[in-house]
Amino acid sequence: MTKRVVVTGASSGIGEATARLFASRGWDVIGVARRADRLSALEQGTGIRTIVADLTQQADVDRVREELAALGPLHGLVNNAGGAFGMGPIETSDPDDWRRMYDINVLGTQRMIAAVLPLLRDGARDAGVADIMTVTSIAGHVAYEGGGGYNAAKFAEAALVAVLRLELAGEPIRVLEIAPGMVKTDEFSLTRFKGDQARADAVYENVPEPLVAGDIADAIVHAMELPGHVNLDLITIKPVAQAAPHKVIRGRLEPKA
Ligand code: 8X3
């Protein structure tokens, strides 16, 4: 049986890598994102279908639900769309950045879950299990200076996942969270620093092997391909060089003499 999965934020980074990996492993994949040009590139040669949508807009999410309902049962939802805007202290943060972060990281995730739960229940009937995987962050679990609105949004998103797991208890639906630490992608830090490439590059400077999008995709697909009774629940994933959001080693990792 071919399983069907929806991946949000599929136009770049973790979402794109996850959509591609699922497709290469035989899943029927629908990628959702705002940028049409990137989504058509994702479709080329992969068999991935895409839907252009902004998950901060309820009308877009309603359209996504209609398009998905026409395809049939759904076996997985990967809530990956999100991001950080700004990294200033709370005292000087822009509330508009906070609002945008809450809107996409928290409300976008809530909207998608609400929209596709009936289809996931069809998938669970069909395959014995269905999955809701949400990509949060270590910033959803550990506060750090400058984390401000991103910490607040990701803590809220992690809380949403925890509540959902309680509310869906009794159904064959796994509620999973993956909380990545430092992942070097083209856009995460560039977006956070509003296009300042030098500041974005400095985040990863001399860090021995930060994670890359493919590492997170591997973990997501692994978790969702495990036998249906096994729930990885909360996956925290960091490069070895990162002990905490605020403790990152630069230079070589070496055993002590
Ligand atoms: C990104 C990880 O450490 O920058 O979600 O908060 S961190």
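Residues numbered from 1 in each chain as written. Predicted model: local features only at pLDDT ≥ 70, side-chain atom pairs only at ≥ 80, totals over all residues. Heavy atoms only, no water.

Draft legend 1. View of the site of the ligand. Taken together, the neighbourhood of the ligand is formed by Ser137, Ile138, Ala139, Tyr144, Tyr150, Pro180, Gly181, Phe188, Arg192 and Gln242. Interatomic distance of 2.6 Å between a side-chain N/O atom of Ser137 and an oxygen atom of the ligand. One nitrogen or oxygen atom from the side chain of Tyr144 is found 2.6 Å from an oxygen atom belonging to the ligand. For the ligand, whose unbound accessible area comes to 250 Å², protein coverage reaches 85%. (Near = heavy atom within 4 Å. Polar contact = N/O pair within 3.5 Å; in protein donor to acceptor, adjacent residues only side chain to side chain. Areas by Shrake-Rupley, 256 points an atom, 1.4 Å probe, with all protein chains shown as cover.)

Draft legend 2. Highlighting the pattern of salt bridges. Applying the stated criterion to the full structure yields 18 salt bridges. Note that Arg121 and Glu171 form a salt bridge whose closest N and O atoms lie 2.7 Å from each other. Residue Arg121 is found in helix 4 (residues 95–127), and its partner Glu171 is found in the loop between helix 5 (148–167) and strand 6 (173–180); the two are separated by 50 residues along the sequence. Exposure remark for Glu171: the relative accessible area of 28% places this residue in the partly exposed category. Here Glu254 and Arg252 are joined by a salt bridge, their closest N and O atoms 3.9 Å apart. No difference in accessibility class separates Glu254 from Arg252, as the two residues are exposed. Connected through salt bridges with shared partners, the residues Arg4, Asp28 and Arg49 form a single ionic network. (Salt bridge = Lys/Arg side-chain N within 4 Å of Asp/Glu carboxyl O. Helix = DSSP H or I, 4+ residues; strand = E, 2+ residues; numbered from the N terminus. Buried < 20%, exposed > 50% of the residue type's maximum accessible area, 1.4 Å probe, protein only.)

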